[in-house]
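Here is what each chain is made of, one letter per residue.
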Amino acid sequence: MSGGGPAVRRLSDWDREHLLSLADEFGSPLYVTDLRRVRENCHRLREAFPEAHVSYAVKAHAGRAVLETVREAAVDAECASAGEVERALDAGFPGERVRYTAVNPPDADLDHVVSRWESNPEMTVTVGAADTIDRLRERGFDGRLCLRANPGVGAGHHEKVTTGGHAKFGIPIDRVPDIAADARDEFDLVGVHAHAGSGISGDDLSAHRELVRRMGDLAREVGDLEFVDVGGGFGVPYREDEPPLDLDAVADATREALGEVDAQLAIEPGRYVVADAGVLLSRVNTVKEAPETTVVGIDAGMTTLLRPAMYDAYHAISNLSRPDADPVSTIVAGPVCETSDVFADGRELPDPERGDCLALGNAGAYGYEMASTYNSRPRPPEVVLDADGHRLARRRETLDDVTALERTASEHIPN
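In every chain, residue numbers begin from 1 and rise along the written sequence. In keeping with the model being predicted, local features are shown solely for residues with a pLDDT of at least 70 and side-chain atom pairs are shown and tallied solely at 80 or more, while totals for entire chains, interfaces and linings include all residues. Excluded from the side-chain calculations are hydrogens and water; all other atoms, namely the structure's heavy atoms, are used.

1. Side note on the domain arrangement of the chain
1) Next: As annotated, the domain borders come from an automatic or database domain assignment. According to the domain assignment, the chain contains domain 1 (35-275) and domain 2 (276-403).
2) Next: Computed from C-alpha coordinates alone, the two centres of domain 1 and domain 2 are separated by 31 Å.
3) Next: Taken together, the 26 residues of domain 1 in the interface contact 22 residues of domain 2.
4) Next: Reported buried area values correspond to the accessible surface (1.4 Å probe) lost by two parts on association, with both partners' losses combined. Roughly 2300 Å² of surface becomes buried between domain 1 and domain 2 when both sides are summed, with 49% attributable to carbon and sulfur atoms.
5) Next: We define a salt bridge as a side-chain nitrogen of Lys or Arg found within 4 Å of a carboxyl oxygen belonging to Asp or Glu. At the surface where domain 1 touches domain 2, the tally comes to 2 salt bridges.
6) Next: Linking Asp276 and Arg37 is a salt bridge whose minimum nitrogen-to-oxygen distance equals 2.8 Å.
7) Next: Any pair of nitrogen or oxygen atoms within 3.5 Å is treated as a polar contact; in protein, a donor-acceptor pairing is required on top of that, and neighbouring residues in sequence qualify only through side-chain atoms on both sides. Here domain 1 and domain 2 share 14 residue pairs in polar contact (both at pLDDT 80 or more) between them.
8) Next: Here the side of domain 1 that touches domain 2 takes 6 residues from helix α2 (residues 35-48), the largest share from any one element. Between two residues, a contact is recorded if the distance between any of their heavy atoms is within 4.5 Å. Put simply, DSSP marks the helices as runs of H or I at least four residues long and the strands as runs of E at least two long, and each gets a number from the N terminus on.

The structure is reproduced here in C-alpha cells:
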C-alpha cells in the first residue's frame, strides 16, 4: 500500500450516514475504530523508517482488534505494564516481538513479566533504574535487557506528557555506560532507550533532534548493541487547520541526528497509529440557553474521554444529525458534576437539538484506554470497522459490571 493512505484523516472524512447508523444500532456513547486506518498508519511508518525497528506503544489503545491489526502489519508491541504484555501475547505477538518498558514497576508487574519471559525467552525488558536490575536478578531474570536513559531533554504537546527530561523516567544518561558494563556480566544487554514525550510537532524538531543526538553518542560509547530506541511521540493534528506531520522530514531528521551507529534505529509510536482511526459518538440529552452561549449536554463525559479535562486537549466536534443548521456558540459538556467535564467552550456548532448525534474526532488514542467508571458510570462499547464491514469489539458495560468485583468479594467473605 504505497503511502499508507492520506497523511491525515479529518473528522469530516468519516462517512456521516454510516456513523449515524452505528449510533442507532449500538447506542451512545460509542467508540468507533477503523482498523483500515490503523493498517494505513502502520504502513506509512514503515515506509518512512524502512531500516528501523518499529514497535507500537500499546498504551495508546490496547484493544485486541487493534493489536491484531498492528501485529499483522508487521509492527511489534511496546508494553508499559504487565497487563499490556499479557494483552500483546493474547493478541498473537510472539515473545520476540514484545518489549516491556518498565517505569517504577510494581512487584506484581515484575513477577508476572518474569513468569511470562520464562516461556517467552526472546522477550525484552527495558529498565529505567539501577535497582530495577537488582529486582530482576532476584527473580531469576537473565535475558534480553535494555537500559532506558534520561537524556535531559524532552518534548511534547503538554507538560504532563513531556517525559525525556523528567527525573521519573530513565537512568541519568551519564551513568548508563557504567551500568551497562556491569549488566553485561549477567544479562544479554541488547539496547538503550529514551523517549522525549508525546505529541511531538514538526514545527520545531530541535528537542527531538537533541535527544536523538545524545542517544547516538550513548550508543557509540556503550557499543555492541542490537538497537537504539529513540521513542515515539509523533504528533497528529487535532485541530482542523493544523497540517499533518511531515513524517518523512521527521525520519530524515532522526537519522541525521543519530549519526553512524553499529545498531538498528528503533521507534515506538502509539498515538500516530490510532488517533485518527477513532471517533466517539454521543447523543445530546440537554440543550440549555445561558448568557452568551448554549450549553449542550451530551451523554459522554470525562469518564468516556478524559483528554480535554486532563490536558485541555482539543477534539474536533461535528453535529452529524443536523450539519446544515445555523451555527451557534456552544459549551459542550458531559454529565459529570465537575467543571472540568467540558469538551469545548465557545465552539461554533450547527444549532443542536436534543437527540442529535455528535462526533468527536481523533478519539482513537488515549480515548477508551483512559475511560473510567468514575461516578459509577459504565464504560461504552467499541465497534471496529474493516473491509468486511463492522463488528462489536467490546460490549457496553452495565451497572452490574461496575459492582461485580464487590459482589464477588462479598461472596468470599467467611460467615
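2. Here we look at helix α3 (residues 64-72)
1) Next: What α3 keeps buried is the set Ala65, Val66, Leu67, Thr69 and Val70.
2) Next: Ala74 sits one or two residues past α3 and shows a positive phi near 65 degrees. Only protein chains enter the calculation, and the probe is 1.4 Å; a residue is then buried if its accessible area is under 20% of its type maximum, exposed if over 50%, and partly exposed in between.

3. Digging into the nonpolar core
If you look at soluble globular proteins, the nonpolar side chains tend to sit buried side by side.
1) Next: Nonpolar cores are built from buried Ala, Val, Leu, Ile, Met, Phe, Trp, Tyr and Cys residues. Side-chain atoms within 4.5 Å join them into one set. In terms of nonpolar packing, the biggest core is built from 87 residues, with Phe49, Tyr56, Val70, Leu145, Leu147, Met215 and Phe234 touching the most fellow members.
2) Next: When residues in this core are grouped by element, the largest group, 7 residues, is from helix α8 (residues 206-222).
3) Next: Here this core spans two domains, and each of domain 1 (35-275) and domain 2 (276-403) adds at least three residues to it.
4) Next: Look past the residues within four positions of Leu147 in its chain and what remains in contact with it is Thr126, Val127, Ile133, Ile171, Val176, Ile179, Ala180, Leu189, Gly191, Val192 and His193.
5) Next: Leu19, Val279, Cys357 and Ala359 belong to the second largest nonpolar core, which has 17 residues in total.

4. Describing the packing of aromatic side chains
For any pair of aromatic rings, the description consists of the separation of the ring centres together with the inter-plane angle of the planes.
1) Next: Note on aromatic contacts: the rings of Phe and Tyr and the six-membered ring of Trp form a pair at centre separations within 6.5 Å, being stacked when their planes are under 30 degrees apart, edge-to-face when over 60 apart, and tilted otherwise. A complete count under the given rule lists 4 aromatic pairs for this structure.
2) Next: Chaining the aromatic ring pairs together yields one cluster made of Trp117, Phe141 and Phe187.
3) Next: Criterion for a charge above a ring: Arg CZ or Lys NZ at most 6 Å from the ring centre, at most 35 degrees from the ring normal. Between Arg9 and the ring centre of Trp14, over which it is positioned, the NZ or CZ distance is 4.0 Å.
4) Next: In this structure, Arg99 packs its charged tip against the face of Phe227, placed 4.1 Å from the ring centre.

5. Some remarks on the pairing of strand β10 (residues 264-267)
1) Next: For two strands to pair, DSSP has to find at least two bridges joining them. Bridge count between strand β2 (residues 53-57) and β10: 2 bridges; the pairing is parallel. Within the sheet, the bridge partner assigned to Val54 lies in β10 and is Ile267.

6. Quick look at helix α5 (residues 107-119)
1) Next: By this rule, a helix spans an expected 1.5 Å times one less than how many residues it contains. For α5, with 13 residues, the first-to-last C-alpha span of 19 Å sits near the 18 Å given by 1.5 Å per residue.
2) Next: Among the residues making up α5, those that are buried are Asp109, Leu110, Val113, Val114 and Trp117. Down the axis of α5, the buried set is contained in an arc of 120 degrees. They therefore lie on one face. Within α5, the exposed residues directed more than 90 degrees away from the buried face are Ala108 and Glu118.
3) Next: Among the structural elements, α4 (82-90), β4 (98-101), β5 (124-127) and α6 (130-138) are those in contact with the buried residues of α5. Directions drawn from the helix axis to the C-beta atoms are what define this arc.

7. What about the UniProt feature "active site" (unreviewed entry) in the chain?
1) Next: Under the local residue numbering, the UniProt record ascribes the feature "active site" (unreviewed entry) to Cys337.
2) Next: Structurally, Cys337 is set in the loop between β14 (327-333) and β15 (342-350). UniProt positions are given in the numbering used here, feature names are shortened, and annotations may be inferred rather than shown by experiment.

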